[in-house]
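Topology and contacts: notes
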Amino acid sequence: MTSISGLLSQGTTFSFEFYPPRTEKGAKQLMTTMEHLLPYNPSFISITYGAGGSSREQTLEIVKELKYNTRSTILPHLTCIGHTRNEIEELVNQYVDIGITDILALHGDQPRNSAPLTEGDFKFATDLIEFLRINYDLSLGVAAHTEGHPAASSYSTDLEHQSSKIRTADFAITQFFFDVNHYILFREEMKKRKVFIPIIPGIIPVTNPAEIDRMIRLAGGTFPQKLWEEINNASDQESKQRIGINHSIQLVKQLLKAGAPGIHFYPMNRWQETEQLLQYLDFNSH
Ligand SMILES: Cc1cc2nc3c(=O)[nH]c(=O)nc-3n(C[C@H](O)[C@H](O)[C@H](O)COP(=O)(O)OP(=O)(O)OC[C@H]3O[C@@H](n4cnc5c(N)ncnc54)[C@H](O)[C@@H]3O)c2cc1C
């Protein structure tokens with residue numbers, strides 16, 4: 001299986017991110033989503049890792065399932081919040097044993113539905129990367145926040161922290177954003193700081209204003225006011241979806257034109273909007 005660094009050196013990638021479902025209904029939905037989206041043969045598929053709770057084990061289970069049953073490279077997310085060094089080691093060893101070549105190394109967010117976690121043995125994502133670099137031969141990705149991390153004291157301080165982190169990785173994947181300029185400016189800021197690794201933009205298909213509002217409150221970032229009003233004022237769900245998808249199509253085209261090394265889709269475990277996007281963009285299902 002080719003690592004993501006290897007794939008990026010061969011050409012433009014496209015990828016999906018899924019999260020471990022919390023309910024039986026969610027599990028069925030994820031299965032159907034995969035039936036729809038996996039035939040598009042993504043370059044890689046990433047699986048999120050919930051800080052705390054049962055989704056930790058679920059990430060490993062889904063990673064194994066996909067590793068054995070698809071041709072795509074699988075990218076497990078790994079968060080260090082609340083973890084000891086030994087716990088991280090145990091989990092990464094299991095990934096290495098099944099032939100995983102890449103890890104997305106993250107700090108992680110506090111869980112929403114369980115007790116808050118204390119910091120673990122690694123304070124920041126950079127500490128986790130350092131540990132993984134010393135102990136494993138893996139291709140390593142990190143999170144990038146084009147509009148700055150929401151908890152940072154200022155954008156400029158955050159850019160310094162982000163550049164120090166991204167510099168040590170093989171690739172970065174961005175938090176979703178809705179304006180191509182956020183990506184272009186961020187990439188410029190990284191270049192000024194001598195960071196040249198591939199930064200893959202994350203795209204969330206836009207259709208539901210309430211969902212977008214919730215996501216932005218969690219992840220930070222901004223949503224274009226004009227698009228917000230257009231979607232909100234649309235009379236029915238079909239029109240909202242059309243406006244949102246059109247915006248996402250334009251964004252993907254602008255990103256590719258601007259030289260993005262790949263596109264990472266956040267389908268939110270649903271297939272409808274992402275499949276529509278892929279079809280408009282002429283990605284073929286096999
Ligand atoms: C592509 C992607 C995938 C994600 N997947 C998951 C997931 O699976 N599970 C999950 O729980 N969350 C996930 N997240 C969310 C992410 O964990 C949160 O945004 C988290 O709050 C920050 O993670 P990080 O790895 O960017 O942290 P870090 O890089 O450690 O940064 C966290 C904060 O610390 C600050 N900082 C960094 N270094 C220093 C330093 N040396 N001194 C002082 N301050 C510093 C930064 O400015 C920032 O404010 C994902 C995010 C992205 C973009």
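The structure contained in this document is the topic of the report that follows.

1. Topic: the nonpolar core
- Judged by nonpolar contacts, the single largest core of 60 residues is most densely connected at Phe 18, Leu 132, Ile 166, Leu 255 and Phe 265.
- Broken down by element, this core gets its largest block of residues, five residues, from helix H10 (residues 237-257).
- Excluding residues within four positions of it along the chain, Leu 132 makes contact with Val 92, Ile 103, Ala 105 and Leu 140.
- One finds Leu 104, Phe 176, Ile 216 and Met 268 within the second-largest nonpolar core, a separate group that totals 25 residues.

2. Description of the pattern of salt bridges
- Inspection of every chain in the model, using the stated rule, returns eight salt bridges.
- The partner of Lys 226 in a salt bridge is Glu 230, with the nearest N and O atoms 3.6 Å apart. Of this pair, Lys 226 and Glu 230 both sit in helix H9 (residues 225-233), four residues apart, which is roughly one turn of the helix.
- Since its relative accessible area comes to 37%, Glu 230 is described here as partly exposed.
- Between Glu 273 and Arg 270 there is a salt bridge, and its shortest N-O distance comes to 3.3 Å.
- Arg 270 gets classed as partly exposed once you look at its relative accessible area, which sits at 21%.
- A network of salt bridges, in which partner residues are shared, links Glu 160, Glu 189, Lys 192 and Arg 193.

3. Digging into the site of the ligand
- Taken together, the neighbourhood of the ligand is formed by 23 residues, with Tyr 49, Asp 109, His 145, His 149 and Asp 158 sitting nearest.
- One of the backbone N or O atoms of His 107 is found 2.8 Å from an oxygen atom in the ligand.
- Interatomic distance of 2.8 Å between a side-chain N/O atom of His 149 and an oxygen atom of the ligand.
- Contact with the protein chains hides 81% of the accessible area of the ligand, taken as 980 Å² for the molecule alone.

4. Some thoughts on the packing of H9 against H10
- Where H9 meets H10, the closest approach of the two axes is 8 Å, and the angle between their N-to-C directions is 155 degrees. The orientation of H9 relative to H10 falls into the category roughly antiparallel. Classified by chirality, the crossing of H10 by H9 is right-handed. The residues of H10 that touch H9, namely those facing Leu 227, Glu 230, Ile 231 and Asn 232, are Lys 240, Ile 243, Gly 244 and His 247.
- The class makeup of the residues in the contact of H9 with H10 is three nonpolar, three polar and two charged.

Parameters at a glance
Residues numbered from 1 in each chain as written. Predicted model: local features only at pLDDT ≥ 70, side-chain atom pairs only at ≥ 80, totals over all residues. Heavy atoms only, no water. Core = buried A, V, L, I, M, F, W, Y, C linked by side-chain atoms within 4.5 Å. Buried < 20%, exposed > 50% of the residue type's maximum accessible area, 1.4 Å probe, protein only. Helix = DSSP H or I, 4+ residues; strand = E, 2+ residues; numbered from the N terminus. Contact = heavy atoms within 4.5 Å. Salt bridge = Lys/Arg side-chain N within 4 Å of Asp/Glu carboxyl O. Near = heavy atom within 4 Å. Polar contact = N/O pair within 3.5 Å; in protein donor to acceptor, adjacent residues only side chain to side chain. Areas by Shrake-Rupley, 256 points an atom, 1.4 Å probe, with all protein chains shown as cover. Axes fitted to C-alpha atoms, helices over the stretch in contact; angles between N-to-C directions. Parallel < 35°, antiparallel > 145°, perpendicular 65-115°, else oblique. Left-handed = near helix turned anticlockwise from the far one by under 90°. Nonpolar A, V, L, I, M, F, W, Y, C, P; charged D, E, K, R; others polar.

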